[in-house]
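Structural overview for review
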Amino acid sequence: MIIELTDRASAQIKEMMKEEPEESLLRFGVKGGGCSGLSYSLGFADEVNEELDIVETINDIPIVFFNQDIPIIEGTKIDYKENMMGGGFSIDNPNAIISCGCGSSFRTAQNAGAPGDC
């Protein structure tokens, strides 16, 4: 398993998927930018590139990963937390050696990315 989804995260994603077309998949990966150089990308996709992507089903949720992102995100745990201000996903990446105060930007020992606005 590339990543781990908690029960709360899985339930929230499944709720969100009800609003998407039936063939939609969750896409998780990284992109350049953010205060620390890399930021997470979490959204829905309806296309898979057989040469560049891998699809894994976790907790009955089909998730698409860009092959090159896997070493950066492998072992990541995604949770969903709610408080009085609302709710949101939290991402715990064991590969991150530096994280931004905003929590959405990070850097690994091998991947620095290109810092941008946080």
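Please read all numbers here as calculations on a predicted model, not as lab measurements.

Conventions and cut-offs
- Residues numbered from 1 in each chain as written.
- Predicted model: local features only at pLDDT ≥ 70, side-chain atom pairs only at ≥ 80, totals over all residues.
- Heavy atoms only, no water.
- Salt bridge = Lys/Arg side-chain N within 4 Å of Asp/Glu carboxyl O.
- Buried < 20%, exposed > 50% of the residue type's maximum accessible area, 1.4 Å probe, protein only.
- Phe/Tyr/Trp six-rings, centres within 6.5 Å; stacked < 30°, edge-to-face > 60°.
- Helix = DSSP H or I, 4+ residues; strand = E, 2+ residues; numbered from the N terminus.
- Arc of directions from axis to C-beta.
- Contact = heavy atoms within 4.5 Å.
- Pairing = 2+ DSSP bridges.
- Axes fitted to C-alpha atoms, helices over the stretch in contact; angles between N-to-C directions.

1. Structural notes on the pattern of salt bridges
Scanning the model with the defined rule gives 3 salt bridges in all. Across the salt bridge formed by Glu15 and Lys18, the nearest N and O atoms sit 2.9 Å from each other. Overall, the relative accessible area of 59% leaves Lys18 in the exposed class. A salt bridge links Asp53 to Arg27, with the nearest nitrogen and oxygen atoms 2.9 Å apart.

2. Some thoughts on the packing of aromatic side chains
Within this structure, the stated rule accounts for 2 aromatic pairs. For the ring pair Phe28 and Tyr40, a centre distance of 5.9 Å and an interplane angle of 15 degrees mean the geometry is stacked. A residue pair is termed long-range when its members are at least 10 positions apart, and Phe28 in strand E2 (residues 25-32) and Tyr40 in strand E3 (residues 38-45) qualify at 12 residues. For Tyr40, a relative accessible area of 15% translates into the label buried. When the ring of Tyr80 is compared with that of Phe89, the centres are 5.1 Å apart and the planes differ by 70 degrees; the resulting orientation is edge-to-face.

3. Brief notes about helix H1 (residues 7-17)
Among the residues making up H1, those that are buried are Ala9, Ser10, Ile13 and Met17. Here the buried residues of H1 occupy an arc of 100 degrees about the axis, which is enough to place them on one side. Set apart from the buried face of H1 by more than 90 degrees, the exposed residues are Asp7 and Arg8. Those residues of H1 that are buried lie in contact with strand E1 (4-5), E2, E3, strand E5 (61-66), strand E6 (77-83) and strand E7 (86-92).

4. Some points on the sheet that holds E1
The mixed open sheet is built from 3 strands, whose spatial order is E1-E6-E7. Every interior strand has two partners, whereas the edge strands, E1 and E7, have only one. Bridge count between E6 and E7: 7 bridges; the pairing is antiparallel. Across the sheet, residue Asn83 finds its bridge partner in E7, namely Gly86. Sitting on the sheet, H1 touches E1, E6 and E7, and the angle it makes with E6 is about 80 degrees.

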